[in-house]
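Structure assessment
Each chain is listed here by its residues.
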There are 2 protein chains.
Amino acid sequence: MNRRAIAAITGTVLIAVLLVAGAFQGLGAEEAAALLTQAQAVFKPLPQDMGTPEFPTTPAPVALGRALFFDPRWTVEGNVSCATCHQPALYGTDALAKSIGVQHRTHPRHAPTVLNAALNFTQHWWGDRKNAEDQAMQALVGVFSSGQPDYAAVIARIKAIEGYTPLFQQAFPGEAEPITAENIGKAIGAYERTLTTPAPFDAFLRGEATALPPMARAGLQRFMSRGCVACHNGVGIGGQMFQKFGVVEEYWKATGSQEIDKGRFGLTKDPADLYVFKVPSLRNVAMTPPYFHDGSVATLDEAVKVMARVQLGSTLTDDEIREIVAFLRSLTGPLPSSFATAPALPPGATRSGETLN
Amino acid sequence: MNRRAIAAITGTVLIAVLLVAGAFQGLGAEEAAALLTQAQAVFKPLPQDMGTPEFPTTPAPVALGRALFFDPRWTVEGNVSCATCHQPALYGTDALAKSIGVQHRTHPRHAPTVLNAALNFTQHWWGDRKNAEDQAMQALVGVFSSGQPDYAAVIARIKAIEGYTPLFQQAFPGEAEPITAENIGKAIGAYERTLTTPAPFDAFLRGEATALPPMARAGLQRFMSRGCVACHNGVGIGGQMFQKFGVVEEYWKATGSQEIDKGRFGLTKDPADLYVFKVPSLRNVAMTPPYFHDGSVATLDEAVKVMARVQLGSTLTDDEIREIVAFLRSLTGPLPSSFATAPALPPGATRSGETLN
C-alpha cells in the first residue's frame, strides 16, 4: 500500500471511531456541538479566583483570612469558627438543616457552602449582606456566628494572640492599627475569594465536549429546556438574582417545611418580597445536602423534583430527574487545598483572663 | 604553598570554626556529646507510626477512621465530631480550658491533643480508657462527645450515609456486618496511630546534636537535672505513668483552679489516688495551651513554674524557665498532612428522618 492508501484507511477508521464514540455518548457530533454552543450562551466557566480590583486576592491578606476563618478563639465562648458551619470535610457546609452556632443557638436559615460563594451577587438567603467582606465583618458580631457584644471584644481576643500581630502587619502594611473589624472582614473575604472549585462542567464549557458523561449531557439539555436556567445560569449556575420560592405553588406544601419563612419580606415588608430568596449557586450541590433555605429536603433527587413542581409547575419523570442529577454532579470540583488543609494557628489560650468554663 | 600546607591551614581553620561554633552554641563538643548520651538514656525518638501487631495501621481502616474522625453526623445533633475538640488548626486541641461538647455540655476535664496520643500507656486524665481504640469506641456514646443513647443510634446514622458502606467493606473485608461500634473504634484508633509529629528533639536524639539550638540544649540539661524527667521521660516525654498533681503543695493553690478535681480517686475511691492523673506527654506542648487537666494555666512559662513548685518544691529563675521553654519548643513537629487536611466526606444529610432543628 502506498502512503495515500494508508492515510485514507486511517482516516476512515478515525471517522468510524468518532461516529461510534458519538453514538456511545448518546449524541451526534453536531448535536454535541450545538449543546455546547447553547450552554456557552447561558453559563460561564469559573475564573481562576474571585478577586476584583476593589477586593483583590493579595497573598498576605489571604493567608491572614485563612487563619481567622479556622480560628474559634474570637467567638464568645471560643468554640465556634467560620469552619464550624463551613467545614472542609463537608464541602464548606455542616450538613445540618440549620446550623448550631454559639451558645447552642440555632441559625434561622440553612448554611450554604462557602466555596465559590464570593461569586454571588449578594450574600445570605435574604440578601442582607453585600459581599464576602461584608458578610465576614458582620459575622464577627453575629448573634449565631459569634455572640460577641461588639467588635472591640473580638479585637481584644485577637490581640491577645501574639502571633496575629505580624500577620496583620504584613496584610495591611503601613497601618498604625491594622487589627480592625474592617480589615478582618477584608482578610476573610480575600481568602474566600480564592475558594473556587473548577468542575468537569467548566472543562465542558471551555470546549471539551467529552468532559461530561453522556447522561450529564442529557441532563444539561433538560436543565436548559425545562427552564431551570431561567434562574440557575451564569458562572455560579445561580447566585445572580432573587426569586420567589414557590412561583406556582406554596413551597412548604412540597418541602414539608415545618416553619414558613417569609423571605426578603422579613427585611423589606414589601408584599412583592414575600417568600423571595437569593437563588443559590448549584456548584457542588451534590456534595452539600440538605437543600433549600431551611434544609428541609435531604436528597438531590427530591430537591430537583420539588423545584420543578413549585417553580415551573412541571412533574419530572424519574429518568429526567436522574439525568438532571447527573448534570448537577458535574458541578462538583475538588476541594481547594488551602481550604481542605487547615493552617497551624498561632498558639494562645485567649480566654485565660476571662471566666474559664 | 604545597598541598600539605594548604591542607594544614584548612584543617586549622576548620577546627577554629568548629570551636567558635561550639562556643557560640554554649557547649563544648564533649559536653554536647555527654548531653546527647544522657538524653538518649532517658528519652526515645518517635517511631514512624504507633501501630502494634494487635492494632496495625493498615491503609483501609486508617482512611475510614480519618473520615469518621472528621464526621459530625453521627453525634446526637450532628454538629460535633472528634475534630471539634481536636482541631487540626489548633494542633489537635480546641484551645479551651474545657471543651464544649454536644448540646453545649462542658466536659469535666481539658481536651489534650490527639497527636502522638496513641503513645500514652492509658487514655484520658483519669486513665479510664485503655487505648486509642477504647477511647474512640466509648466516645461514640460519650455524654459530652456524642450524646447518642446507644451504639445502635450511631450505627444507624452511619448506615444512612451510603458512601460509608464500601469504606467499611474495604477496611474489614469478609465481615458480613462490618459497621459495628468495635470496628469504628478500631478504625479511628488506626488513624490516630498514624498521627506522629517528629520534632527537632527527635533529630537530636538520633544523634544530630545541632538540631537543638543552644538555649534548648541548656533547657534540656535543666529539664533533666531539675528532675522533670522523673515523670516526663520516654518516647512521649510523659504519658507513661500516673502521678499525683501536687506532690509538695496542693495544686490548686498554684494554678488558681476554681474547682478541685480529685483525680483517679473519683474512679477508684482509693485515698492513694487522690489528685492522681495520667502524666501528659509534652510533645507539641508549646502549641497546645491552656495547660493541666483543667486548663487552668494559660501560658507555658507559668505552667513550667507551677510544675516546678508543686511537683518538685523548686522555684525556677526566669532564665531557667526561658531555657526549659526553649527545650519544650523543640518538641513541636509539623502537623501530619493526613490530619491537617480534611478528607471530603461521603455526602448525606443524615438527620432528615428525624426532627430537623
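**Looking at the overall build of chain A**
- Assigned secondary structure in chain A consists of 15 helices and 2 strands.
- Across its three principal axes, chain A shows a C-alpha extent of roughly 85 × 55 × 35 Å.
- Among the 357 residues that make up chain A, the fraction classed as buried is 53%.
- At a minimum sequence separation of 6, the contacts of chain A that also span at least 24 residues come to 72%.

**With respect to the packing of helix α13 (residues 300-312) of chain A against helix α14 (residues 318-329) of chain A**
Residue and element names in this part refer to chain A.
- The geometry of α13 relative to α14 is characterised by a closest axis approach of 10 Å and an angle of 110° between their N-to-C directions. Of the possible angle classes, the one that applies to α13 and α14 is roughly perpendicular. The interaxial crossing formed by α13 with α14 has right-handed handedness. Taking contact as the criterion, the partners of Leu300, Asp301, Val304 and Lys305 in α13 are, on α14, Ile321, Ile324, Val325 and Leu328.
- Looking at side-chain class alone, the contact of α13 with α14 contains 6 nonpolar, no polar and 2 charged residues.

**So, the interface of chain B and chain A**
- Taken together, the contacts link 42 residues of chain B with 42 residues of chain A.
- Around 3,200 Å² of area is buried between chain B and chain A when both sides are counted, 65% of it from carbon and sulfur atoms.
- The tally of links from chain B across to chain A stands at 0 salt bridges.
- Counted by class, the side of chain B that touches chain A contains 24 nonpolar, 13 polar and 5 charged residues.

**Points about the pattern of salt bridges**
- Under the criterion given, the structure shown has 26 salt bridges over all chains.
- For B:Asp261, the salt bridge is made with B:Arg109, and the minimal N-O distance between the two is 2.9 Å. A residue pair is termed long-range when its members are at least 10 positions apart, and B:Asp261 in the loop between α11 (251-255) and α12 (265-268) and B:Arg109 in the loop between α4 (82-85) and α5 (132-139) qualify at 152 residues.
- Three or more residues are tied together by salt bridges with common partners; here these are A:Arg222, A:Arg226, A:Glu320 and A:Glu323.

**Observations regarding the relation of the copies chain B and chain A**
- In screw terms, the move from chain B to chain A is a rotation of 180° and a rise of 0.0 Å along the axis, fitting with an RMSD of 0.0 Å. Taken together, the turn and the small shift mark the pair as related by a two-fold rotation axis. Among all C-alpha atoms of chain B, that of B:Thr341 lies closest to the rotation axis, at 2.0 Å.
- Interface overlap between copies is the fraction of interface residues in one copy that are interface residues in the other; for chain B against chain A it reaches 100%, indicating a shared surface.

**A closer look at the packing of aromatic side chains**
- All chains considered together, the criterion is met by 35 aromatic pairs over all chains.
- When the centroid spacing of 6.4 Å and the interplanar angle of 35° are considered together, the rings of B:Phe43 and B:Phe223 count as tilted. Of the two residues, B:Phe43 is situated in the loop between α2 (29-42) and α3 (59-70) and B:Phe223 in helix α10 (residues 214-225); the sequence distance between them amounts to 180 residues. As far as the burial class goes, B:Phe43 and B:Phe223 line up, both buried.
- Between B:Phe69 and B:Phe339 the ring centres are 6.0 Å apart and the planes differ by 70°, which places this aromatic pair in the edge-to-face class. Residue B:Phe69 is located in helix α3, and its partner B:Phe339 is located in helix α15 (residues 337-340); the two are separated by 270 residues in the primary sequence. Assigned by exposure class, B:Phe69 and B:Phe339 land together as buried.
- Each residue in the set A:Phe245, A:Tyr251, A:Trp252, A:Tyr275, A:Phe277 and A:Phe292 is aromatic and connected to the rest through ring pairs, giving one cluster.
- In this arrangement the basic side chain of A:Arg109 is found over the ring face of A:Trp126, its NZ or CZ atom lying 4.0 Å from the centre.
- The lysine or arginine in question, B:Arg264, covers the ring of B:Phe242, its NZ or CZ lying 3.9 Å from the ring centre.

**Here we look at the side chain of A:Ser296**
- Here A:Ser296 shows up in the loop between β2 (276-278) and α13.
- At a separation of 3.4 Å, a polar atom in the side chain of A:Ser296 contacts the side chain of A:Ser257.

**Section: α2(B)**
Residue and element names in this part refer to chain B.
- The terminal C-alpha atoms of α2 lie 20 Å apart, and with 14 residues this matches the ideal 20 Å at 1.5 Å per residue to within 8%.
- Restricting attention to buried positions, one finds in α2 the residues Ala32, Leu35, Leu36 and Ala39. What you see down the axis of α2 is that its buried residues fit within an arc of 100°, all on one side. The outward face of α2, more than 90 degrees from its buried face, is lined by the exposed residues Glu30, Thr37 and Ala41.
- Tucked inside the fold, the buried residues of α2 contact α9 (200-205) and α10.

**Topic: the confidence of the model for chain A**
- Considering every residue of chain A, the mean pLDDT works out to 92; 90% of them sit at 70 or more.
- At the level of chain-chain contacts, confidence expressed as ipTM amounts to 0.90, with global pTM at 0.91.

**Remarks on the side chain of A:Arg193**
Residues and elements named next belong to chain A.
- Among the secondary structure elements, Arg193 is positioned in the loop between α8 (181-192) and α9 (200-205).
- Relative accessible area serves as the criterion here: at 5%, Arg193 is assigned to the buried category.
- Those residues in contact with Arg193 that sit more than four places away from it in its chain are Asp49, Met50, Gly51, Thr52, Phe55, Thr57, Ala118, Asn131, Ala132 and Glu133.

**Points about helix α8 (residues 181-192) of chain B**
Residue and element names in this part refer to chain B.
- Compared with the 16 Å implied by 1.5 Å per residue over 12 residues, the 16 Å span of α8 between its first and last C-alpha is a close match.
- Counting buried positions along α8 yields 10 of 12 residues, so the element is predominantly enclosed.
- Within the sequence span of α8, burial applies to Ala181, Asn183, Ile184, Gly185, Ala187, Ile188, Gly189, Ala190, Tyr191 and Glu192.

**Let's talk about the environment of A:Ala308**
Residue and element names in this part refer to chain A.
- Following the sequence through the fold, Ala308 ends up in helix α13.
- Residues Ala308 and Asn131, spaced 177 residues apart in sequence, show a C-alpha to C-alpha distance of 29 Å.
- Ignoring anything within four residues of it in the chain, the contact list for Ala308 reads Gly313, Ser314 and Leu316.

**Regarding the state of the cysteines**
- Inspection of the entire model under this criterion finds 0 disulfides over all chains.
- In this structure B:Cys228 is a free cysteine whose sulfur lies 9.3 Å from that of B:Cys231, the closest cysteine sulfur available.

**Details of unusual backbone geometry**
- With an omega dihedral of -5°, the bond running from A:Pro289 to A:Pro290 counts as a cis peptide bond.
- Its location among the elements puts A:Pro290 in the loop between β2 and α13.
- If you check the backbone angles, B:Phe292 has positive phi at about 80° while not being a glycine.
- Take B:Phe292: it is sitting in the loop between β2 (276-278) and α13 (300-312).
- According to the relative accessible area criterion, B:Phe292 is buried, its value standing at 12%.

**What about the environment of B:Phe70?**
- Position of B:Phe70 among the secondary structure elements: in helix α3.
- Once residues lying within four places of it in the same chain are set aside, the contact partners of B:Phe70 are A:Gln87, A:Ala89, B:Ser81, B:Ala83, B:Pro88, B:Tyr191, B:Ser338, B:Phe339, B:Thr341, B:Ala342, B:Pro343 and B:Leu345.

Definitions and limits used
Along each chain, residue indices are assigned from 1 in the same order as the chain's sequence is written. As a convention, the first chain written is A and the first ligand written is 1, with the rest following in written order. Since the coordinates come from a predicted model, pLDDT governs what is reported: local features require at least 70, and pairs of side-chain atoms require 80 or more to be given and counted, while whole-chain, interface and lining totals use all residues. Each side-chain value is worked out from all heavy atoms of the structure, with water and hydrogens disregarded. Labels follow the DSSP assignment, with helices taken as runs of H or I lasting at least four residues and strands as runs of E lasting at least two, numbered in each case from the N terminus. Only protein chains enter the accessibility calculation, which uses a 1.4 Å probe; a residue is then buried when its area is under 20% of its type maximum, exposed when over 50%, and partly exposed in between. For this analysis, residues touch if any pair of their heavy atoms sits within 4.5 Å. Where helices are involved, their axes are fitted lines through C-alpha atoms of the stretch in contact, as for all axes, and angles between N-to-C directions lie from 0 to 180°. An angle below 35 degrees is read as roughly parallel, one above 145 as roughly antiparallel, one from 65 to 115 as roughly perpendicular, and any other as oblique. Put simply, a crossing is left-handed when the front helix is turned counterclockwise from the back one by less than a right angle, and right-handed when it is turned clockwise. Three classes are used: nonpolar for Ala, Val, Leu, Ile, Met, Phe, Trp, Tyr, Cys and Pro, charged for Asp, Glu, Lys and Arg, and polar for all others, with Gly counted as polar. Buried area is understood as the total, over both parts, of accessible area removed when two parts are fitted together, assessed with a 1.4 Å probe. For this document, the term salt bridge refers to a Lys or Arg side-chain nitrogen within 4 Å of an Asp or Glu carboxyl oxygen. Only residues with pLDDT of at least 70 in both copies contribute their C-alpha atoms to the least-squares superposition of the copies. Only the six-membered ring of Trp is used, alongside the rings of Phe and Tyr, when aromatic pairs are assigned; centres must lie within 6.5 Å, and planes under 30 degrees apart are stacked while those over 60 apart are edge-to-face, with the rest tilted. Should the NZ of a Lys or the CZ of an Arg lie within 6 Å of a ring centre and within 35 degrees of the ring normal, that charge is described as sitting over the ring. Here a polar contact means two N or O atoms within 3.5 Å. Within protein one must be a hydrogen donor candidate and the other an acceptor candidate, and residues neighboring in sequence count only if both atoms are side-chain atoms. Every helix has an expected span of 1.5 Å times one less than the residues it contains. Along the arc lie the directions from the helix axis toward the C-beta atoms. One confidence number per residue, pLDDT, is output by the predictor and ranges from 0 to 100. Disulfide assignment relies on a single distance test, namely cysteine sulfur atoms paired within 2.5 Å.

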